[in-house]
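# Architecture at a glance
Residue strings, one per chain:
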Amino acid sequence: MAVVGSLNADLVVGVERRPAPGETVLGSDLATHPGGKGANQAVAAARLGGRAAIVGRVGDDGHGALLREALAADGVDLAHLATTPGVPTGVALITVGPDGDNSIIVSPGANARLGPADVEAARALIEDAAVVSFQMEVPLPAVEAAAGVAARAGRRVVLNLSPAAPVPDGLLALCDPLVVNEHEAAFLLGGDGDPSRMAAELAGAGPRSVAVTAGAGGVVVADGGGAAAIPSPRSEAVDTTGAGDAFTAALCLRLARGDSLRDAARYATRAGAAAVRRPGAQTSFPTPAELPRL
Ligand code: RIB
Ligand code: NA
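Keep in mind the model is a prediction, meaning the values are calculated, not measured.

This part takes up the site of ligand 1. The full set close to ligand 1 counts 13 residues, and Asp10, Gly36, Lys37, Glu137 and Asp245 are the nearest of them. A distance of 2.9 Å separates an oxygen atom of ligand 1 from a polar side-chain atom of Lys37. Between Asp245 and ligand 1, the recorded distance is 2.7 Å, taken from a side-chain N or O atom to an oxygen atom. Relative to its unbound accessible area of 280 Å², ligand 1 is 96% covered by the protein chains. Contributions of two or more residues to the shell around ligand 1 are made by strand E2 (8-14), helix H1 (37-47) and strand E7 (102-107). Residues belonging to the shell around ligand 1 are distributed by class as follows: four nonpolar, five polar and four charged.

Encoded structure:
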């Protein structure tokens, strides 16, 4: 698979509770991990035995070097990872609460410099990948250009709408599937509902297929053939950071191998469940032997 997306250095502090405006709280020691939704997906897929390449940008700083090293160690193809001089690598400021829940602020840095020219440079890679995966941490023009290239070459476009943002109809129509969590689904629909209902509504609103993830509650997938609710294996949450990325990467990997959306989602819930058991994002992603059974 090819991933067109972000790379961030994750600066993580554990807290008992988050500070209110004007308040100071003490947290744990700082941990610095490789992250970013794009880089996470590439690493998750590679660690599960897939071939993964990333199209993205880092700065010429220590964080950029950390990310290059981490992705190279997992065998991700970095031929289209560019460096923007004089701009910081993307950073995510992350707090992890006592239940493994996270809050994230992303400072895009070099990710914001990814543009249509980068997509053009990576055209052959994108046209050759069975599945091309996108998230919303790089500029929309790059996502739209790359999704267009992929779709015209008959490749499968998977978009994880995170963080939630308005999607042009033309891009939405290429998504197969659109992957959203409950908040992102509610954002698109302009109102809350249970995951099955939101999946059915979204499937009728443009994308070719939809996956609505509900964490430990599993996932609902929907396409022309109807909707299916798929449970997640139970797992003890230490740090949920990156679980959505592991899910989406595993989904892409299995779709690339020809699985149906339902079968791919069944496999992907196992990758998501594995990723909550360890701290960090990439640091928590499983090898095939570490996948929990359903
Ligand atoms: O999905 C988790 C990721 O979101 C983190 O690695 C962080 O970098 C942000 O992009
Ligand atoms: Na994790």
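Anyway, onward from the coordinates.
Turning next to the nonpolar core. Leu7, Ile54, Leu71, Val76, Val221 and Leu251 are the most contacted members of the largest nonpolar core, which has 47 residues in total. Elements with a contribution of two residues or more to this core: H1, strand E4 (53-59), helix H2 (62-73), strand E5 (77-84), strand E12 (219-223), strand E13 (226-230), helix H9 (243-256) and helix H10 (261-275). When residues of this core are assigned to their parent elements, the largest contribution, nine residues, is made by H9. Once residues lying within four places of it in the same chain are set aside, the contact partners of Leu71 are Leu7, Ala39, Val43, Ile54, Val76, Leu78 and Gln282. Counting residues in hydrophobic clusters, the runner-up holds 38 residues, among them Ala2, Val157, Val180 and Val220.

Looking now at the UniProt feature "active site" (unreviewed entry) in the protein. The feature "active site" (unreviewed entry), as given by UniProt, occupies Asp245 in the numbering adopted here. With respect to the helices and strands, Asp245 occurs in helix H9. Once residues lying within four places of it in the same chain are set aside, the contact partners of Asp245 are Lys37, Asn40, Gln41, Asn160 and Phe285.

Time to look at the sheet that holds E5. Strands in a sheet are paired, the pairing made by backbone hydrogen bonds, and the direction either parallel or antiparallel. One open sheet holds the nine strands; their spatial order is E5-E4-E1-E8-E9-E10-E11-E12-E13, and the pairing between them is mixed. The sheet terminates laterally at E5 and E13, the two strands that pair on one side only. Across the sheet, the mean angle separating the axes of adjacent strands is 20° when strand polarity is ignored. Strand contacts of helix H8 (residues 195-203): strand E10 (175-181), strand E11 (209-213) and E12, with the helix running at about 155° to E11, the strand carrying the most contacts.

Before going further, it helps to spend a moment on the coordination of the sodium ion (ligand 2). Protein coordination at the sodium ion (ligand 2) comes from Asp239 (O), Thr241 (O), Ala275 (O), Arg278 (O), Gly280 (O) and Ser284 (OG), with a distance range of 2.4 to 3.0 Å. Angles of 69 to 158° at the metal separate the six donor atoms of the sodium ion (ligand 2), which places the site in the irregular class. Between the donor residues of the sodium ion (ligand 2), the gaps in sequence give the motif D-x1-T-x33-A-x2-R-x1-G-x3-S. Placement of Thr241 in the loop between E13 and H9 and of Arg278 in the segment after H10 is noted, with a sequence separation of 37 residues between them.

The N-to-C vectors of H1 and H9 enclose an angle of 50°; their axes lie 8 Å apart at closest approach. Considered as vectors, H1 and H9 are oriented oblique to each other. Crossing angle aside, the handedness with which H1 passes H9 is right-handed. Every residue of H9 that contacts H1 at Lys37, Asn40, Gln41, Ala44 and Ala45 is listed here: Asp245, Ala246, Thr248, Ala249 and Leu253.

With that settled, the discussion passes to the pairing of E11. On a regular strand, one side chain projects to one face of the sheet and the next to the other, so that they alternate. Counting buried positions along E11 gives five out of five residues, so the element sits mostly inside the fold. Burial along E11 is two-sided: the face carrying Ser209, Ala211 and Thr213 and the face carrying Val210 and Val212 are both buried. In terms of strand pairing, E10 meets E11 through four bridges, oriented parallel. Opposite Val179, over in E11, you have Ala211 as the bridge partner. Relative to E12, E11 is paired through five bridges, and the arrangement is antiparallel.

Right, let's get into the side chain of Ser162. By the secondary structure assignment, Ser162 is in the loop between strand E9 (156-160) and helix H6 (169-172). Among the polar contacts listed, one links the side chain of Ser162 to the side chain of Glu184, at a separation of 3.3 Å. Excluding its chain neighbours within four sequence positions, the residues that come into contact with Ser162 are Lys37, Gln135, Met136, Glu137 and Glu184.

Rules used in this analysis
Residues numbered from 1 in each chain as written. Chains lettered and ligands numbered in written order. Predicted model: local features only at pLDDT ≥ 70, side-chain atom pairs only at ≥ 80, totals over all residues. Heavy atoms only, no water. Near = heavy atom within 4 Å. Polar contact = N/O pair within 3.5 Å; in protein donor to acceptor, adjacent residues only side chain to side chain. Areas by Shrake-Rupley, 256 points an atom, 1.4 Å probe, with all protein chains shown as cover. Helix = DSSP H or I, 4+ residues; strand = E, 2+ residues; numbered from the N terminus. Nonpolar A, V, L, I, M, F, W, Y, C, P; charged D, E, K, R; others polar. Core = buried A, V, L, I, M, F, W, Y, C linked by side-chain atoms within 4.5 Å. Buried < 20%, exposed > 50% of the residue type's maximum accessible area, 1.4 Å probe, protein only. Contact = heavy atoms within 4.5 Å. UniProt positions renumbered as here; feature names shortened; annotations may be inferred. Pairing = 2+ DSSP bridges. Axes fitted to C-alpha atoms, helices over the stretch in contact; angles between N-to-C directions. Donors = N, O, S within 2.8 Å, 3.2 Å for Na, K, Ca; no water. Tetrahedral: all angles 85-135°; square planar, octahedral: opposite > 155°, others 65-115°. Parallel < 35°, antiparallel > 145°, perpendicular 65-115°, else oblique. Left-handed = near helix turned anticlockwise from the far one by under 90°.

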